[in-house]
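Analysis of the macromolecular model
Spelled out, the chains give:
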Amino acid sequence: MKKQVLISGASFAGLTLAYWLNKFGYGVTVVELGKDLRTAGSPIDVRGDALNVAIEMGIYDQIKANEFIHTDEIVDAEDQTLARFAINSLPEYLGDIEIHRGDLVKIIYESIAKNEVQIVFGNSISKLTQHDDRVEVSFENGESNAYDYVFGADGTHSTVRRLVFGPENDFKKFLGVYFAFAAADHIQTGRPKSTGIVYRELGKQAVIFQFKDAANAILVFRAPKLDWHYRDRERPKQILREYFAGNTNWKMPEILEAMLKANDLYFDEACQIQMPTWTKGRVALIGDAAYAPSFFTGMGTSLAMQGATLLAKELHANEDHQIAFKKYNEVFRPFVESVHARVDSSLRVQLPETLEELQASFEAWTNRQ
């Protein structure tokens, strides 16, 4: 009889794990709070060993075919170009693939055998009770079931982590940064499509990312810990007004207006999730729920795909899940920690705090044109 597993979260980590566990003979159920796949968002990177994972899953050619090739510009307050470069051609990025978030989610989703994997949208876990031989799960819709294992792939604000491991603040390292993005198709940039335009000033960064037939506006800013909750829809707009109202540099007024009018504004704090262990009993965490590195590292997607693949393979190789979980923790941790360590240097470049750092960030890109 197949062992039954529940995966919370239908993004890169959860869908990758679902692919592998189904391939290895498990009965797989995925539960996702959203009413559908979350395909919105700016392009993301698939790097390093995550590309090998894509090859093993048979989706590399699809990912490569949807690669997002673009030019980036850094501009000043008057919209004058200070630096222009193609990041895909820089030595440290050669071989990496940048792809629109929605394209990658759909590619992984379509690789899963839907007649074998049950994917439930619009529901979430409300309670977990662990036993020696099973995990009893209650859902927000009132249903309940028992599984051999439960996996939390439900992001930085993971419900599974909170229910099994403890409060979010016990594991969150706040980076002193907040960010927001919203659609900005109507903002005229005067530049070709597939161009990302970046404006920086002390402690703030604004971006208009043009791709396909759409564009996203992004605001990133340094701030102390603010009073807000990630499910609050109105407070983020108040915060954006406080930090950006009256700023007439570059496209700031248009970006702020777009965000204040957006029905689907995405706002969050930049943070890392750092945990002493990613497993407890018959429950394991993967992706951002376990080791979110923050978007400043550009490695969140790759960590999610690699971690999910490693965990699935360890479970396949070891009959005893405790051995598999132990190896997952030991083998993957050094790489996760090396990725986490990259964030400080990236923060200094993208959100300089002094005039010297700001000038250095301009010069660094100018010298690479």
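Structure first, text after, so check above.
The notes below deal with the structure included here. On a predicted model such as this, the values are computed, not experimentally measured, just so you know.

**Focus on the pattern of salt bridges**
Tallied over the entire structure, the rule returns 18 salt bridges. Notably, a salt bridge pairs Glu269 with Lys225, separated by 2.6 Å at the nearest N-O pair. Here Glu269 is found in strand S16 (residues 266-273), whereas its partner Lys225 is found in the loop between strand S15 (214-222) and helix H6 (235-244), with 44 residues between them in sequence. Exposure remark for Glu269: the relative accessible area of 5% places this residue in the buried category. Here Lys326 ties to Glu330 by a salt bridge, and the two come within 2.6 Å at their closest N and O atoms. Pair noted here: Lys326 and Glu330 are both in helix H10 (residues 321-340), with a separation of four residues, about one helical turn. Here the salt bridges share partners, and the residues they tie into one network are Arg161, Glu168, Lys172, Lys225 and Glu269.

**Section: the sheet that holds strand S17 (residues 279-280)**
Spatially, six strands are ordered S7-S2-S1-S11-S18-S17 in an open sheet, and the strand pairing comes out mixed. If you trace the sheet from one side to the other, it starts and ends with strand S7 (118-121) and S17, each paired once.

**Regarding the sheet that holds S15**
Taken in spatial order, the seven strands of this open sheet run S5-S4-S13-S14-S15-S12-S16, and their pairing is mixed. Edge positions in the open sheet fall to strand S5 (81-85) and S16, since each of these has one partner strand only. Taken pair by pair, the neighbouring strands of this sheet meet at an average axis angle of 20°, ignoring direction. Here strand S12 (residues 172-183) runs beside S16; their pairing, made up of eight bridges, is antiparallel. Residue pairing for S16: Phe179 is matched across the bridge by Asp268. Together, S12, strand S14 (204-211), S15 and S16 form the strand contacts of H6, whose direction differs from that of S15 by roughly 70°. Against the sheet, helix H11 (residues 343-350) touches S12, strand S13 (195-201), S14, S15 and S16, its axis set at about 45° to S12.

**Brief notes about the packing of helix H1 (residues 12-23) against helix H9 (residues 300-317)**
Geometrically, a packed helix pair is captured by the angle between its two axes and the distance between the axes. Across the interface, H1 lies against H9 with an axial gap of 8 Å and an inter-helix angle of 30°. For the element pair H1 / H9, the angle class is roughly parallel. Of the two possible hands of crossing, H1 and H9 adopt the one that is right-handed. On H9, the residues that touch Phe12, Ala13, Thr16, Leu17, Trp20 and Leu21 of H1 are Thr301, Ala304, Met305, Ala308, Thr309, Ala312, Lys313 and Leu315.

**Comments concerning helix H2 (residues 49-57)**
Listing the buried residues of H2 in full gives Ala50, Leu51, Val53, Ala54 and Met57. What you see down the axis of H2 is that its buried residues fit within an arc of 155°, all on one side. Summarising the contacts, the buried residues of H2 are in contact with H1, strand S3 (44-46), helix H3 (60-65), strand S6 (97-99), helix H4 (101-111) and H9. Backbone geometry just after H2 places Gly58 at a positive phi near 75°.

**A short note on H10**
The terminal C-alpha atoms of H10 lie 27 Å apart, and with 20 residues this matches the ideal 28 Å at 1.5 Å per residue to within 8%. Among the residues of H10, those classed as buried are His321, Ala324, Phe325, Tyr328, Asn329, Phe332, Arg333, Val336, Val339 and His340. For H10, the N-terminal cap is Asp320; the gap from its side-chain oxygen to the backbone nitrogen of Gln322 is 2.9 Å.

**Notes on the pairing of S13**
Counting buried residues in S13 gives seven out of seven residues, a clear majority hidden from the surface. Residues Thr195, Ile197, Tyr199 and Glu201 line one face of S13 and the alternating positions Gly196, Val198 and Arg200 line the opposite face, and both faces are buried. As defined by bridge partners, strand S4 (residues 71-75) adjoins S13 across five bridges and the pair is classed as parallel. By the bridge assignment, Ile74 is partnered in S13 with Val198. Of the pairings in the sheet, the one linking S13 to S14 comprises six bridges and is antiparallel in character.

**Some thoughts on the packing of aromatic side chains**
With the rule as written, the count across this model stands at 23 aromatic pairs. Geometrically, the ring pair formed by Tyr328 and Phe332 is stacked, given 6.5 Å between the ring centres and 20° between the ring planes. Here Phe332 and Tyr328 lie together in helix H10, a separation of four residues that amounts to about one turn. Here the aromatic residues Phe174, Tyr178, Phe221, Trp228, Tyr243, Phe244 and Phe267 are joined through ring pairs into a cluster of three or more. A cation sits over an aromatic face here: Lys225 above Phe174, 4.7 Å from the ring centre. Against the face of Trp278 rests Arg333, its NZ or CZ located 4.3 Å from the ring centre.

**Description of the environment of Ala217**
On the secondary structure map, Ala217 appears in strand S15. Spatially, the C-alpha atom of Ala217 lies 6.1 Å from that of Ala183, the residues being 34 residues apart in sequence. With near-sequence residues (within four places) excluded, Ala217 lies in contact with Ala180, Phe181, Ala182, Ala184, Val207, Ile255 and Met259.

**Some thoughts on the environment of Thr279**
Position of Thr279 relative to the elements: it lies in strand S17. For Thr279, a relative accessible area of 12% corresponds to the buried category. Between the C-alpha atom of Thr279 and that of Asn329, which follows or precedes it by 50 residues, the distance is 7.8 Å. Excluding anything up to four places from it in sequence, Thr279 contacts Phe165, Ala284, Phe325, Tyr328 and Asn329. One polar contact links Thr279 to Asn329, side chain to side chain, over a distance of 3.0 Å.

Calculation notes
- Residues numbered from 1 in each chain as written.
- Predicted model: local features only at pLDDT ≥ 70, side-chain atom pairs only at ≥ 80, totals over all residues.
- Heavy atoms only, no water.
- Salt bridge = Lys/Arg side-chain N within 4 Å of Asp/Glu carboxyl O.
- Helix = DSSP H or I, 4+ residues; strand = E, 2+ residues; numbered from the N terminus.
- Buried < 20%, exposed > 50% of the residue type's maximum accessible area, 1.4 Å probe, protein only.
- Pairing = 2+ DSSP bridges.
- Axes fitted to C-alpha atoms, helices over the stretch in contact; angles between N-to-C directions.
- Contact = heavy atoms within 4.5 Å.
- Parallel < 35°, antiparallel > 145°, perpendicular 65-115°, else oblique.
- Left-handed = near helix turned anticlockwise from the far one by under 90°.
- Arc of directions from axis to C-beta.
- Expected span 1.5 Å × (residues − 1).
- Polar contact = N/O pair within 3.5 Å; in protein donor to acceptor, adjacent residues only side chain to side chain.
- Phe/Tyr/Trp six-rings, centres within 6.5 Å; stacked < 30°, edge-to-face > 60°.
- Lys NZ or Arg CZ within 6 Å of the ring centre and 35° of its normal.

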